[in-house]
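Understanding the architecture of this molecule
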Amino acid sequence: MAAARLEPCASGGSSPTFVAMVEGTDWAARYLSGDTPWDLGGPHPELSARLQDGRLLPPRPGATAFVPGAGAGHDALALARRGWAVTAADLVEALAPRVGPDLERRGGRFVVGDAIEFEAEGRFDLVWDHTFFCAIPPGRREAWGRQVNSLLAPGGVYAALVFPVSKPASEGGPPFGMEEAHVREALGPLFRVEECGP
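Residues numbered from 1 in each chain as written. Predicted model: local features only at pLDDT ≥ 70, side-chain atom pairs only at ≥ 80, totals over all residues. Heavy atoms only, no water.

1. Things to note about the side chain of Asp125
Stated formally: Under the DSSP-based scheme used, a helix requires at least four consecutive residues in state H or I and a strand at least two consecutive residues in state E, with every element numbered from the N terminus. Burial classes: relative accessible area under 20% of the type maximum marks a residue as buried, over 50% as exposed, and values in between as partly exposed (1.4 Å probe, protein chains only). Any pair of N or O atoms that falls within 3.5 Å is considered a polar contact. Within protein, one atom must be able to donate a hydrogen and the other to accept it, and sequence-neighbouring residues count only if both atoms are side-chain atoms. Only heavy atoms enter the contact rule, under which two residues are in contact if any of them lie within 4.5 Å.
Within the fold, Asp125 resides in strand 5 (residues 124-130). Asp125 gets classed as buried once you look at its relative accessible area, which sits at 14%. Within the structure, the side chain of Asp125 is placed 3.0 Å from the side chain of Arg60, a separation counted as a polar contact. The contacts of Asp125, once residues within four sequence positions are left out, are Arg60, Ala63, Thr64, Trp84, Leu152, Ala153, Gly156 and Val157.

Shown next, in the form of structure tokens:
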């Protein structure tokens, strides 16, 4: 688990672009066929533990969270149940009627689209990344880093489950092999790592 905090700093540059589908990966077909090994059927245990012990509770009423690649919405809904105003994004349109109504009842929303191209109306206090970064082709990780820099409010937290660690690049993906250093590199110098561990 890696957690990084955005330092207060002005950001610049234009919004990055991203091809909406990883070449050769049809995310909608994977959900339709049930080929979703990343879906645990509930929130990730690490997220549940951090919500339970208070490390990822909202810092104030109305605090906002962004969940890219939200899938079936387990993590997004867990955050919303604990008080976060959640915006969840996923490329798979068929997930919207399954996840959107529950999020809306809790003050959040589900957006169909590419999280790297998402244009927020404001900035977020938290970006929760569970199996998103590892699905991004390595050549496009920098675009995600720029997006996180534009999405997070000063003092905001980017929390990521970083895996699969040590998978050889020659095996391709998704998931693409990665290390915690790859996340640091994509996020850039405006972030400081507050925690990194198994």
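2. A few points about helix 6 (residues 180-187)
Working note: α-helix, 3.6 residues per turn, so residues spaced by three or four point in the same direction. Operational definition: Our arc is simply the arc of the directions from the helix axis toward the C-beta atoms.
Within helix 6 the residues assigned to the buried category are Val183, Ala186 and Leu187. Seen along its axis, helix 6 keeps its buried residues to an arc of 95°; they face one direction.

3. Quick look at unusual backbone geometry
Residues other than glycine seldom take positive phi values, yet Thr131 does so here, at roughly 65°. Its place among the elements puts Thr131 in the loop between strand 5 and helix 5 (141-151). What makes Thr131 buried here is its relative accessible area of 15%.

4. Section: the environment of Thr64
Following the sequence through the fold, Thr64 ends up in strand 2 (residues 64-68). Along the sequence, Thr64 and Gly83 sit 19 residues apart, while their C-alpha atoms lie 9.0 Å from each other. Setting aside anything within four residues of it in sequence, one finds Thr64 in contact with Trp84, Ala85, Arg123, Phe124, Asp125 and Leu126.

5. Things to note about the environment of Thr131
Along the primary structure Thr131 and Phe163 are separated by 32 residues, whereas in three dimensions their C-alpha atoms are 7.6 Å apart. Sequence-distant contacts of Thr131, defined by excluding residues within four places in its chain, comprise Trp38 and Phe163.

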